[in-house]
Amino acid sequence: MVEAFEGESVLEASIRNGIDHLHACGGNGRCTTCRIGIVEGREFCPEPEQAEVEALALRGHDSKTRLACQLRPTGPIKVCCLLAEHPEHRPILAEGMAYESELAVLFTDLRDFTPFAERSLPFDVVHLLNRFFDRIGTIVEANHGQIVAFLGDGALCIFEDEDHWSSSARAVTAGLQIVEAAEVFSKYSLPEFGYATRTGVGIAFGRAVIGKIGYYNRSSDNIVGDVVNTASRIQDETKRAGVPLLVEEAVMHMTRDRFEYVECCEAELKGKSCTLKLFSIKVAGS
């Protein structure tokens, strides 16, 4: 038997009473790990808000399932926790080390680098990658962004600001500078190693979770969310579109006062249920 204060959520009551109740998002209704089943007292359970309905619908749960962090009963209820981990399956790295944010995500990838790597000595490959990534890192930091990960011959970068226009504008600026840096770097990589450095850049804006991912002895900052996949797939579209940089419509709208865009193509991105309009930067004289 657990006593709850008036207006207190089931999760808050659980924690206050020392119950080990999962809540990966920190009790903000942004995951389903705290979900419970209503055994008795459904009449004392207020109807869920839209956010709770949508979260549970993603997992196909019925009306008897609620999020403990959102449910504030008005009378006695009996519930059961629906998600329980055996102690040996629990990660030593504590949950709650992540946060959710709306931000701009930039994904950049070197063109035709895999064939070059296959015919080159490994240390030559590392030599070029490190020098080009150094340029990318300098550009991203100068635009107040952060490189979250290097993925093969690509880089995943984020630009975060309460002013969404600002974060998107800084991402686009960084993207244009990365494209220019690749052209300049080719003056070294082409004559010395036979590789013309070219890059594609995809930029998207959306909501994601940022935090430590891994295990206690080897974890790193990372980002999870549909916006990450979107940015990566937009970058892939630059190859088919024959342009070095593409942004999605949301980014275009937030930054069109600063950059002149041209609608480049409509793309059916893998995993997306709708077609996305993608935009390139208008080049002077075109």
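Refer to the structure above for everything that follows.
Quick summary incoming for the structure in this document. Note that the structure is predicted; figures quoted are calculated from it, not measured.

### Some points on the sheet that holds strand β3 (residues 78-81)
- Across the sheet, which stays open at both edges, the three strands sit in the order β2-β1-β3 with antiparallel pairing between neighbours. One side of each edge strand has no neighbouring strand; the edge strands of this open sheet are β2 (65-67) and β3. The average angle at which neighbouring strand axes cross in this sheet is 40°, direction not considered.

### Some remarks on the layout of surface pockets
- When its volume is computed, the second largest pocket comes out at roughly 560 Å³.
- As for the second largest pocket, its lining consists of 24 residues, of which Val-2, Glu-3, Ala-4, Pro-73 and Ile-77 are closest to the centre.
- For the lining of the second largest pocket, the secondary structure elements donating two or more residues are α1 (10-16) and β3.
- Here the element with the most residues in the lining of the second largest pocket is β3; it accounts for four residues.
- Its residues placed into classes, the lining of the second largest pocket shows 14 nonpolar, six polar and four charged.

### Points about the pattern of salt bridges
- Here the structure, examined in full by the defined rule, presents 10 salt bridges.
- Residue Glu-8 pairs with Arg-16 through a salt bridge whose shortest N-O separation is 3.0 Å.
- Glu-8 sits in the buried class, given a relative accessible area of 9%.
- The structure contains a network of salt bridges with shared partners spanning Arg-30, Glu-100, Glu-102 and Arg-207.

### Examining helix α2 (residues 50-58)
- Within α2, the full set of buried residues consists of Glu-52, Ala-55 and Leu-56. The buried residues of α2 all sit within an arc of 90° when viewed along its axis, so they share a single face. Structural note: α2 exposes Gln-50, Ala-57 and Leu-58 on the side pointing more than 90 degrees away from its buried face.
- Lining the buried residues of α2 we find β2.

### Quick notes on the pairing of strand β1 (residues 35-40)
- Relative to β2, β1 runs antiparallel, the two being bridged by three bridges. Within the sheet, the bridge partner assigned to Gly-37 lies in β2 and is Thr-65.
- By the bridge criterion, four bridges tie β1 to β3 in an arrangement that is antiparallel. From the neighbouring strand, Gly-37 faces β3, where its bridge partner is Cys-80.

### Some words on the nonpolar core
- Ranked by internal contacts, the top residues of the largest apolar core, which has 37 residues, are Leu-106, Phe-159, Val-172, Ile-178, Ile-203, Val-247 and Tyr-261.
- Discounting residues that sit within four places of it in the chain, Leu-106 has contacts with Ala-155, Leu-156, Cys-157, Phe-159, Ala-171, Ala-174, Gly-175, Ile-178, Val-201, Gly-202 and Ile-203.
- If you look at the next biggest cluster of nonpolar residues, it comprises 20 residues, including Ile-210, Val-227, Val-228 and Ala-267.

Analysis parameters
Residues numbered from 1 in each chain as written. Predicted model: local features only at pLDDT ≥ 70, side-chain atom pairs only at ≥ 80, totals over all residues. Heavy atoms only, no water. Pairing = 2+ DSSP bridges. Helix = DSSP H or I, 4+ residues; strand = E, 2+ residues; numbered from the N terminus. Axes fitted to C-alpha atoms, helices over the stretch in contact; angles between N-to-C directions. 1 Å grid on protein atoms, 1.4 Å probe; cavity = no way out; pocket = protein on both sides within 12 Å on 5 of 7 lines; lining within 4 Å. Points joined across faces, edges and corners; volume = space filled by probe spheres on them. Nonpolar A, V, L, I, M, F, W, Y, C, P; charged D, E, K, R; others polar. Salt bridge = Lys/Arg side-chain N within 4 Å of Asp/Glu carboxyl O. Buried < 20%, exposed > 50% of the residue type's maximum accessible area, 1.4 Å probe, protein only. Arc of directions from axis to C-beta. Contact = heavy atoms within 4.5 Å. Core = buried A, V, L, I, M, F, W, Y, C linked by side-chain atoms within 4.5 Å.

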